[in-house]
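The residues making up each chain are set out below.
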Amino acid sequence: MKRIFFFIAFLSTIALSATEKMPVLTISVTNPSATDRHEVPVIIDLHQALGEKRVCIQAAKVTTLSLQKGREGGESILLPSQLDDFDGDLIPDELAFVADIPAHSTHSFRVECAAVPPQQSFPPRTAAFMKVWDRKYRYPYINSIEYQGRNAPLATYDAIYGHGAQWESELVGFRVYMDHRQSIDIYGKPTPQLVLDKTNFYSTREDIAAGLGCDILFAGASVGAGSFRGYIDGQPTYVDSVEARGQRVIASGPVRAIVEVWDKNWFYNSKTLQMRQRYTIYAGHRDVQVDIQLAGQDIDSETFCTGVQKIEMDNEGYMGVTSGLVGSWGRNIPDKAAEDLVEGVGLGVIVEPCYLTSKKEDDLNYLTILHPVNGHIRYHLAICALMERDGFKDAKSWFSWLQQWQTELNQPCTIKVKRQKR
C-alpha cells in the first residue's frame, strides 16, 4: 500500500513539474491604421512558438489587461481561445483568439500553456458541422467523408443532410455543396445567433417567423458567393472529373470554425491536379477567408476563377478599377417553391493582388480570374442579408462597407510572439 501511495505521489510530482515548465508567451498586436479594429483574429503558429513543447499542450489560457482610453489598465481579462489540430495527429498546430485593438496602438496578451485540459469553457460564437442523411431521421454528426469520383453528383449531394458541410458565425451562415459544383450557399439572420444546427439550411415558415433566418440565395449556374471554379476558354468550369472528393470539419469553437474540401486527381485542362479548399470564419465576422492549395505539373501556370453572381432582381454591381474587389446587391427568390419569400442580399469577394490575373463581367457573374503562387490562392468573401435588423439597407451602404473591409485587409494588424521564462 505504501508503494502504491509513493508511486502516485511520484507521478503527481512529475505532473506538477511538467505543469510548472509549460511555456508562457507574450503576444503583441499592433494596429497601424487610424481606425479602431474590432474582433481582430490573432493566430499563433505553435510549431514556431513552442517547437517540441507543443506536443504536451492540452490547454492555453489567454489574458490581457483592460484598455483605458487606448492604454492598458490594471484589470486582467480572460479571453476565449481555442487550440486547433489541422493534420489529425491530436497535437495542436495553432492557437486562435480575437481581440479589439484601438487605432495606432499596440496591445499585449499573455498566453499560459498547460498540460491538462481546460476547466473553463466559453460560449460558442462560431460553429461547423456535417451530418449524414438517415432514413430514420437521426442525422448523425460526422467529422469527415470521402466519396469515389464515379458517384453521380446528385448521390453525394443528397447523402449529406444539408447537402454539405455547414459553418457560421453569429452574423451569417454558409454551406458548401458536396458535389461537382462545390458551390457556396449562404444563410441570413435577422439577429446575431447560432442557428444552423437547428435549421440545417431547411428553414420552415415557422423558423422564419421565429427569427431564425433562412437560405437567402439562388445560385443556379453562377459562382454564387465566392465559389471556386476552374476557368477554361473564358468560362467558369465545375470540378467535374475526380478520382475522389471529400469534406471535413477541422474546427468548431468559440473563436473560429474551419471547413475543408478536397479533390483527388482532378483532371483539369489535360492535367491531373490535387486540390484542397479551406474556409475559415471568425467570431464577430461576416467574412470568410478562403485558402486553395493546388499541386500538379506547372501548377502556377494554370488559371482559375471566383467572384460573385449577379442577383436575380434589381441587381447592382461593383468592380474595383484596379483592385481585386467585386460585389453585388439585389433581390432574389432562393426557394422556387416559395415564390412569395423574396430575400435581399449583398455579396463581396476580395482577391489578394498577387493572385489576381484580371476581372471579367459575364451574363451571370462579376468574375476575378486567378492564378496560383507556389500552388496557393487566397481570397476573402463576405455577405449580408437585407433581413438583418441592424444591417445594410441598400447597395450604397454595402459597397461602402466592402471598400472599408478591403482597406482593413490591405493594412492588417501585425503580431509578434515572445516566449518567456517561468
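In this text, all values refer to a predicted model and were calculated from it rather than measured experimentally. (Residues numbered from 1 in each chain as written. Predicted model: local features only at pLDDT ≥ 70, side-chain atom pairs only at ≥ 80, totals over all residues. Heavy atoms only, no water.)

> Explain the packing of aromatic side chains here, please?
Centre distance and the angle of the planes are the two values used to describe a pair of aromatic rings. This structure, assessed with the given rule, holds 20 aromatic pairs. Summarising the aromatic geometry, the rings of F129 and Y141 are spaced 6.3 Å apart at their centres and angled 80 degrees between planes, so their arrangement reads as edge-to-face. Placement of the pair is F129 in strand β8 (residues 126-131) and Y141 in strand β9 (residues 141-142), with a sequence separation of 12 residues. Classification of F129 as buried rests on a relative accessible area of 8%. Consider the rings of W401 and W405, whose centres lie 5.4 Å apart with planes at 20 degrees: the pair is stacked. Note that W401 and W405 are positioned in helix α6 (residues 395-410) at a spacing of four residues, about one turn of the helix. Per residue, the accessibility class of W401 equals that of W405, and both read buried. Taken together, the ring pairs in this structure connect W133, Y137, Y139, Y161 and Y202 into an aromatic cluster. A cation over an aromatic ring shows up here: R181 above the ring of Y157, its NZ or CZ 5.0 Å from the ring centre. (Phe/Tyr/Trp six-rings, centres within 6.5 Å; stacked < 30°, edge-to-face > 60°. Helix = DSSP H or I, 4+ residues; strand = E, 2+ residues; numbered from the N terminus. Buried < 20%, exposed > 50% of the residue type's maximum accessible area, 1.4 Å probe, protein only. Lys NZ or Arg CZ within 6 Å of the ring centre and 35° of its normal.)

> Hey, could you run me through the sheet that holds strand β25 (residues 356-361) in this one?
Two orientations exist for strands paired in a sheet by backbone hydrogen bonds: parallel and antiparallel. In space, the five strands of this open sheet follow the order β16-β15-β21-β26-β25, with antiparallel pairing throughout. Each of the sheet's edge strands pairs with one partner strand only, and the pair in question is β16 (235-237) and β25. This sheet shows a mean twist of 40 degrees between the axes of neighbouring strands, independent of strand direction. Both strand β15 (residues 229-232) and β16 contribute to a ladder of three bridges, which runs antiparallel. Bridging from a neighbouring strand, Y231 pairs with P236 of β16. (Pairing = 2+ DSSP bridges. Axes fitted to C-alpha atoms, helices over the stretch in contact; angles between N-to-C directions.)

> Is there a simple way to explain the pattern of salt bridges in this structure?
Any two side chains of opposite charge can pair, given that their charged atoms come close. Counting across every chain of the model gives 24 salt bridges. Among the salt bridges present, the one from D179 reaches R181, with a minimum N-O distance of 2.8 Å. Overall, the relative accessible area of 3% leaves D179 in the buried class. The salt bridge involving K271 is made with E302; its shortest N-O contact spans 2.7 Å. (Salt bridge = Lys/Arg side-chain N within 4 Å of Asp/Glu carboxyl O.)

> Quick question: what am I supposed to make of unusual backbone geometry here?
The phi torsion of most residues other than glycine is negative, and most of the peptide bonds are trans. Phi is positive for E39, close to 55 degrees, though the residue is something other than glycine. Among the secondary structure elements, E39 is positioned in strand β2 (residues 37-45). Residue N374 is not a glycine yet carries a positive backbone phi of 55 degrees. Its place among the elements puts N374 in the loop between β26 (365-370) and β27 (376-385).

> I keep staring at the nonpolar core and nothing clicks. Help me out?
In a soluble, globular protein the nonpolar side chains are often hidden away together inside. One finds W167, F174, F304, I377 and Y379 to be the most contacted residues of the largest nonpolar core, which totals 58 residues. Not counting chain neighbours up to four residues away, the residues in contact with I377 comprise F228, V290, D291, I292, L294, F304, Y355, L370, H371 and P372. Core analysis: the next-biggest nonpolar cluster, separate from the first, contains 22 residues, I27, L79, I101 and F109 among them. (Core = buried A, V, L, I, M, F, W, Y, C linked by side-chain atoms within 4.5 Å. Contact = heavy atoms within 4.5 Å.)

> How should the side chain of Q247 be read in this particular structure?
With respect to the helices and strands, the residue Q247 is situated in strand β17 (residues 244-252). A polar atom in the side chain of Q247 sits 3.1 Å from the backbone oxygen of V176. When residues no more than four places from it in sequence are discounted, the contact partners of Q247 are M130, N143, S144, I145, G164, A165, V176, Y177, M178, E260, V261 and W262. (Polar contact = N/O pair within 3.5 Å; in protein donor to acceptor, adjacent residues only side chain to side chain.)

> Hey, could you run me through the pairing of strand β18 (residues 256-268) in this one?
Along a regular strand, successive side chains alternate from one face of the sheet to the other. With 10 of 13 residues buried, β18 lies mostly within the body of the structure. The pairing of β17 with β18 spans eight bridges and is classified as antiparallel. By the bridge assignment for β18, G246 is matched with W262. Of the strand pairs in this sheet, β18 and strand β19 (residues 271-282) are connected by 11 bridges, and their pairing is antiparallel. Of the residues in β19, the one forming a bridge with Y268 is K271. Connecting β18 to the antiparallel partner β19 that follows it, the hairpin turn spans two residues, and N269 within it adopts a positive phi of roughly 55 degrees.

> Help me understand the pairing of β8 in this model?
The buried count for β8 comes to six of six residues, which makes it a mostly enclosed element. Judged by which residues are buried, β8 turns out to be covered on both faces: T126, A128 and M130 on one side and A127, F129 and K131 on the other are all buried. In this sheet, strand β11 (residues 164-169) lies alongside β8 in antiparallel orientation, the contact comprising four bridges. When the sheet's bridge partners are listed, T126 is paired in β11 with S169. Of the pairings in the sheet, the one linking β8 to β9 comprises two bridges and is antiparallel in character. The residue bridging K131 from the neighbouring strand is Y141, located in β9.

> Hey, could you run me through the sheet that holds strand β10 (residues 144-148) in this one?
In spatial order, the strands read β10-β17-β18-β19-β20-β27-β24-β23-β22; together these nine strands make up an open sheet with antiparallel pairing. Strands at the two margins of the open sheet, each flanked by one partner only, are β10 and β22 (313-319). Averaged over all pairs of adjacent strands, the angle between their axes in this sheet comes to 15 degrees, without regard to strand direction. Of the strands in this sheet, β20 (287-295), β22, β23 (325-332), β24 (343-351) and β27 touch α6, which is tilted by about 150 degrees from β23.

> What exactly am I supposed to notice about α6 here?
It helps to recall that an α-helix has 3.6 residues per turn; residues three or four apart then point in one direction. With 16 residues, α6 should cover 22 Å at 1.5 Å per step; its first-to-last C-alpha distance of 22 Å lies within 8% of that length. For α6, the full list of buried residues reads A395, W398, F399, W401, L402, W405 and Q406. The buried residues of α6 all sit within an arc of 155 degrees when viewed along its axis, so they share a single face. Summarising the contacts, the buried residues of α6 are in contact with β20, β22, β23, β24 and β27. (Expected span 1.5 Å × (residues − 1). Arc of directions from axis to C-beta.)

None of the figures reported here should be taken as evidence of function without further support.
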